Amino acid sequence: MLCARQFNDDGSFRYSPHGHSGAEGDVILVNGVAWPALQVETRKYRFRILNASNATTFTLALSSALPFLQIATDGGLMARPAHVPNISMAMAERIEVLIDFSAYAKGDSVFLRNSERHGPPGEILRFDITGPAVSDYGELPDHLSVIEALTPEAAVRTRTFTFGPHAELKFHNPPIYWAINGQRFDPEHAQANPRLGDVEIWRFVYEKSPWRQTHPPHIHLVNFQILDRNGQAPNPHERGWKDTLRLDSGDDVRVIMRFDGYRDRYLMHCHNLEHEDYDMMRFNVV
């Protein structure tokens, strides 16, 4: 569990939401520990990683430049493993990777880093190689899961959700609050009404903004597949079942999903914690 936090001189938490922009931090915690070290053998290790920050994004990379072997996204196993040199993670996104330490020697150290930051905020975790593997867990299979490919032809409609500052407040610095389709959360009003069993395409658009913000759209209880990102194929680390995606300024991302869970309300919101707290969310009635 990765997160960025701020602390006062006495060690207590310091919370600064920066006018609803989102609380970031200069201390990186891994499972609640600041910049820890983990002793590892010269073998593969499996890690499930969550970005649990309020408003901090990560692009994970190893200091050795060796790739990760990704096996899962938010919604579970991918169809097949993917070698990826770095992995971008917005708030609430989850990944599962194998890191192979067999290429290192006893006494070596390798760092897990956030390539988006410099200095201490760019350091996450140090792996210290202690020696030969005590046990061998075998090779990873070429196929991990069977994933039904949802195609645009199956969709009965497309909806567009635009993320950005409220229309009347674009010239505030920072904006007082953010909005979806120019509206704040209204618990009495549903903004979409897909029927049970429907396949829909949802287009997430982030208006170009002078503020460096990331909006991670998150849909409760529905997994989706990313069709394209800015007109191109999704990133290799995004090719699986997901429920959260990274949306940066100027991004235009299409996802496809089937509403087959139940007939009732589904919640969709921005997973920047302060944006969610200040009503950047929507109800969808099925």
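Residues numbered from 1 in each chain as written. Predicted model: local features only at pLDDT ≥ 70, side-chain atom pairs only at ≥ 80, totals over all residues. Heavy atoms only, no water.

Asks: What should I look at first to understand the overall build of the chain in this one?
Replies: The number of helices and strands found in the chain is 1 helix and 23 strands. Taken along the three principal axes of its C-alpha coordinates, the chain extends 60 × 50 × 30 Å. Counting only residues that meet the buried cut, the chain has 49% of its 286 residues in that class. Partitioning the contacts of the chain with sequence separation of at least 6, the portion at a separation of at least 24 is 74%. Put simply, the chain shows about 13,700 Å² of open surface, and 51% of that area lies on carbon and sulfur atoms. One way to put it: in the chain the 29 positive side-chain charges average out to a point 3 Å from where the 36 negative ones average out. (Helix = DSSP H or I, 4+ residues; strand = E, 2+ residues; numbered from the N terminus. Buried < 20%, exposed > 50% of the residue type's maximum accessible area, 1.4 Å probe, protein only. Contact = heavy atoms within 4.5 Å. Areas by Shrake-Rupley, 256 points an atom, 1.4 Å probe, with all protein chains shown as cover. Lys, Arg positive; Asp, Glu negative; His and termini not counted. Charge placed at Lys NZ, Arg CZ, Asp CG, Glu CD.)

Asks: Would you mind showing me how to read the pattern of salt bridges here?
Replies: Where side chains of opposite charge bring their charged atoms close, a pairing between them can arise. Per the counting criterion, the structure on display carries 22 salt bridges. Put simply, Lys242 and Glu93 hold a salt bridge, and the shortest N to O gap is 2.9 Å. Taken together, the residues Lys242 in the loop between β19 (224-229) and β20 (247-248) and Glu93 in the loop between β10 (87-89) and β11 (94-100) connect sequence positions 149 residues apart. For the pair shown, Lys242 and Glu93 are each scored as buried. Residues Arg203 and Asp252 are paired through a salt bridge, measuring 2.6 Å at the closest nitrogen-oxygen approach. With a gap of 49 residues between them, Arg203 in strand β16 (residues 199-206) and Asp252 in strand β21 (residues 252-258) connect regions that are remote in the sequence. Overall, the relative accessible area of 30% leaves Arg203 in the partly exposed class. In the salt-bridge network here, residues are joined through shared partners; they are Arg157, Arg159, Arg195, Asp198 and Glu200. (Salt bridge = Lys/Arg side-chain N within 4 Å of Asp/Glu carboxyl O.)

Asks: Honestly, the packing of aromatic side chains in this entry has me stumped. Any pointers?
Replies: For any pair of aromatic rings, geometry is given as the distance between the ring centres together with the angle between the planes. In total, this model carries 13 aromatic pairs according to the counting rule given. Between Tyr45 and Phe101, the ring centres sit 5.6 Å apart and the planes meet at 75°, which makes this aromatic pair edge-to-face. Of the two residues, Tyr45 sits in strand β6 (residues 44-50) while Phe101 sits in the loop between β11 and β12 (109-114), which places them 56 residues apart along the sequence. Between Phe161 and Trp202, the aromatic rings sit 4.8 Å apart at their centres with planes inclined by 50°, giving tilted as the arrangement. Of the two residues, Phe161 is situated in strand β14 (residues 157-165) and Trp202 in strand β16; the sequence distance between them amounts to 41 residues. In this structure, Phe161 and Trp202 share a single accessibility class: buried. (Phe/Tyr/Trp six-rings, centres within 6.5 Å; stacked < 30°, edge-to-face > 60°.)

Asks: What am I meant to see in the sheet that holds strand β23 (residues 281-285) here?
Replies: Sheets are built from strands that pair by backbone hydrogen bonding, the pairs being arranged parallel or antiparallel. Across the sheet, which stays open at both edges, the 3 strands sit in the order β18-β22-β23 with antiparallel pairing between neighbours. Of all the strands in the sheet, just β18 (217-219) and β23 have a single pairing partner and so form its edges. This sheet shows a mean twist of 20° between the axes of neighbouring strands, independent of strand direction. (Pairing = 2+ DSSP bridges. Axes fitted to C-alpha atoms, helices over the stretch in contact; angles between N-to-C directions.)

Asks: Any chance you could explain the sheet that holds β6 here in plain terms?
Replies: Spatial strand order, β6-β11-β8-β9: 4 strands in an open sheet with antiparallel pairing. Of all strands in the sheet, those bounded by a partner on one side alone are β6 and β9 (76-84). The average undirected angle you get between the axes of adjacent strands in this sheet is 25°. Here strand β8 (residues 68-73) pairs with β9 via 5 bridges, running antiparallel.

Asks: I tried to follow the nonpolar core on my own but got confused; where do I start?
Replies: Generally speaking, a soluble globular protein has its nonpolar side chains buried in company with each other. The biggest cluster of nonpolar side chains holds 28 residues, and the ones touching the most others in it are Leu60, Phe68, Phe101, Ile124 and Phe127. The element contributing the most residues to this core is strand β13 (residues 123-131), with 4 residues. (Core = buried A, V, L, I, M, F, W, Y, C linked by side-chain atoms within 4.5 Å.)

Asks: It is not clear to me how the state of the cysteines should be interpreted in this structure. Could you clarify?
Replies: In this structure the tally under the stated criterion is 0 disulfides. In this structure Cys270 is a free cysteine whose sulfur lies 18 Å from that of Cys3, the closest cysteine sulfur available. (Disulfide = S-S within 2.5 Å.)

Asks: Looking at this structure, how should I read unusual backbone geometry?
Replies: It is generally the case that most residues other than glycine have a negative phi and that most peptide bonds are trans. If you check the backbone angles, Ala65 has positive phi at about 70° while not being a glycine. Here Ala65 falls in the exposed class, since its relative accessible area comes to 63%. Look at Asp279: it is not a glycine, yet its phi comes out positive at around 80°. Checked against the element boundaries, Asp279 lands in the loop between α1 (273-277) and β23.

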